[in-house]
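What the coordinates show
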Amino acid sequence: MLKVIYDLNEWVEIRKEAIRENKLIGFVPTMGALHLGHRALIERSRRENDIVVVSIFVNPTQFNDANDLKKYPKTYDDDLEMLQECNVDYLIFPNYENMYPDNYHYKIIEDDFSTKLCGASRPGHFDGVLTVVMKLLNIIKPTCAYFGEKDYQQYKLIAGMVKAFFMDVEIVPCKTVRAEGGLALSSRNKLLTKDELKIAPLFNKFLSSNLSIPEIKMELEKNGFKIDYIEEINNRRFGAVFLGKVRLIDNVEI
Ligand code: PAF
């Protein structure tokens, strides 16, 4: 049965017992507004571990735009239902004071890849992501933590942080889950209008096509997207676009 944990000290005690019993702990960090992409991570964690922990924390330090934070979808009741259906054991649901007793005076900064792609247009975003993930991994101390490849830059930066700081956790990347038509599932899709939802799959269609980058940009713009970036790094093509007010990201192997 799902147990919701607000007090992080309670988890520390539960974990001690789990470790005494040699249990494998799988962890899926989220910001809520759960969708089938999260579900795939949780189901994999369920298959591979004895105990499954999910966190929901809308991390303010990774939003460089206060309005974006305010608009971030919140679907707590539906989230709980999904966690119960997936047989999750523990939901960690901390507040800002629990997570940031230092009020974000301490942070983790990577100064290379984090300044490119999404980092170039969202200054400070990855400092917030890496800092909160470091905190969550230090609290939960899982055996494995699961991250979706839709946020490939995030996954690579977290895997790099774990290596750089000799952290004792396995970071497991999981394939992007897509809607029919190819749109990568994302909590932000909930903010798209019906008309935008019809156009949105074109993002993945052109990103994964054989067109050149200028041609991809032109096709997307013709169809109403505003380009943030389309770039290729290490055999992977990354893109971020705006559809109306919603920013979508995706990446494909090339
Ligand atoms: O991918 C997300 O939902 C967030 O960036 C994460 C990893 C939960 C950190 O807040």
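In this text the structure is predicted, and so the values were computed from the model without any measurement.

**Some remarks on helix 1 (residues 8-20)**
For helix 1, built from 13 residues, the straight-helix expectation of 18 Å at 1.5 Å per residue is met to within 8% by its first-to-last C-alpha distance of 19 Å. Taken residue by residue, helix 1 has Leu8, Trp11, Ile14 and Ala18 as its buried positions. An end-on view of helix 1 places all buried positions within 110° of arc, on one side of the element. Turned more than 90 degrees away from the buried face of helix 1, the exposed residues are Asn9 and Arg20.

**Brief notes about the nonpolar core**
Counting residues in hydrophobic clusters, the biggest one holds 44 residues, and the most contacted among them are Trp11, Val53, Met99, Val133, Leu137, Ile140 and Ile171. Of all elements in the fold, only helix 1, strand 2 (25-30), strand 3 (51-56), strand 4 (90-92), helix 7 (125-140), strand 5 (144-148), helix 8 (152-164) and strand 8 (236-243) reach the threshold of two or more residues within this core. The dominant element in this core, judged by the number of residues it contributes, is helix 7, at ten residues. Excluding anything up to four places from it in sequence, isoleucine 171 contacts Leu137, Ala145, Phe147, Tyr155, Ile158, Ala159 and Val162. Formed by 17 residues, the second largest nonpolar core is a distinct cluster that contains Val54, Leu83, Val88 and Tyr146.

**Overview of the environment of leucine 80**
Tracing the backbone shows leucine 80 in helix 4 (residues 76-85). Along the primary structure leucine 80 and serine 208 are separated by 128 residues, whereas in three dimensions their C-alpha atoms are 34 Å apart. Residue contacts for leucine 80: discarding those within four places in its chain leaves Leu2, Val4 and Leu91.

**Let's talk about helix 8**
Because each turn of an α-helix spans 3.6 residues, side chains separated by three or four positions end up pointing in the same direction. For helix 8, which comprises 13 residues, the first-to-last C-alpha distance of 18 Å matches the rise-based estimate of 18 Å (1.5 Å per residue) to within 8%. When helix 8 is considered as a whole, its buried residues turn out to be Tyr152, Gln153, Gln154, Tyr155, Leu157, Ile158, Met161 and Val162. If you follow the buried residues of helix 8, they end up packed against helix 6 (118-121), helix 7, strand 5, strand 6 (170-174), strand 8 and strand 9 (246-253). Trailing helix 8 by a residue or two, phenylalanine 166 shows a phi angle of about 50°, which is positive.

**Considering the pairing of strand 2**
Remark: a regular strand shows side chains that alternate across the two faces of the sheet. The buried fraction of strand 2 is high, at six of six residues. Residue alternation in strand 2 divides its side chains into two sets, Ile25, Phe27 and Pro29 and Gly26, Val28 and Thr30, and both sets are buried. Inspection of the sheet shows strand 2 paired to strand 3 by six bridges, in the parallel sense. Paired with proline 29 across the strands is serine 55, a residue of strand 3. Alignment of strand 2 against strand 5, held across two bridges, turns out to be parallel. Considered in strand 5, the bridge of glycine 26 is made with cysteine 144.

**A few points about the packing of aromatic side chains**
Here the distance between the centres and the angle between the planes together describe a pair of aromatic rings. Per the stated rule, a full pass over the model turns up ten aromatic pairs. Between tryptophan 11 and tyrosine 90 the ring centres are 5.5 Å apart and the planes differ by 65°, which places this aromatic pair in the edge-to-face class. In this pair, tryptophan 11 sits in helix 1 while tyrosine 90 sits in strand 4, placing the two residues 79 residues apart along the sequence. Under the relative-accessibility criterion, tryptophan 11 is labelled buried at 0%. Its relative accessible area of 17% is what places tyrosine 90 among the buried residues. Linked through ring pairs, Phe57, Tyr96, Tyr100 and Tyr104 together constitute an aromatic cluster. Of note, lysine 107 hangs over the ring of tyrosine 104, and the distance from its end group to the ring centre comes to 4.4 Å. Between the NZ or CZ atom of arginine 236 and the centre of the ring of tyrosine 152, over which it lies, the distance is 3.6 Å.

**Concerning the layout of surface pockets**
Of the volumes computed, that of the largest pocket is approximately 280 Å³. What lines the largest pocket is a set of 13 residues, among which Asp65, Asp68, Phe242, Lys245 and Arg247 lie closest to the centre. Counting only elements with at least two residues in the lining of the largest pocket, the list comes to helix 3 (66-71) and strand 9.

**Quick look at the sheet that holds strand 5**
Backbone hydrogen bonds hold the strands of a sheet together, and the pairing may be parallel or antiparallel. Across the sheet, six strands lie side by side as 1-4-3-2-5-6; this open sheet has parallel pairing. In this open sheet, the two strands that pair with only one neighbour each are strand 1 (3-5) and strand 6. Adjacent strand axes in the sheet meet at a mean angle of 25° when their direction is disregarded. The sheet strands contacting helix 1 are strand 1, strand 2, strand 3 and strand 4, and the helix crosses strand 1 at an angle near 125°. Along the sheet, helix 7 makes contact with strand 2, strand 3, strand 4, strand 5 and strand 6, crossing strand 2 at roughly 150°.

Thresholds applied
Residues numbered from 1 in each chain as written. Predicted model: local features only at pLDDT ≥ 70, side-chain atom pairs only at ≥ 80, totals over all residues. Heavy atoms only, no water. Helix = DSSP H or I, 4+ residues; strand = E, 2+ residues; numbered from the N terminus. Expected span 1.5 Å × (residues − 1). Buried < 20%, exposed > 50% of the residue type's maximum accessible area, 1.4 Å probe, protein only. Arc of directions from axis to C-beta. Core = buried A, V, L, I, M, F, W, Y, C linked by side-chain atoms within 4.5 Å. Contact = heavy atoms within 4.5 Å. Pairing = 2+ DSSP bridges. Phe/Tyr/Trp six-rings, centres within 6.5 Å; stacked < 30°, edge-to-face > 60°. Lys NZ or Arg CZ within 6 Å of the ring centre and 35° of its normal. 1 Å grid on protein atoms, 1.4 Å probe; cavity = no way out; pocket = protein on both sides within 12 Å on 5 of 7 lines; lining within 4 Å. Points joined across faces, edges and corners; volume = space filled by probe spheres on them. Axes fitted to C-alpha atoms, helices over the stretch in contact; angles between N-to-C directions.

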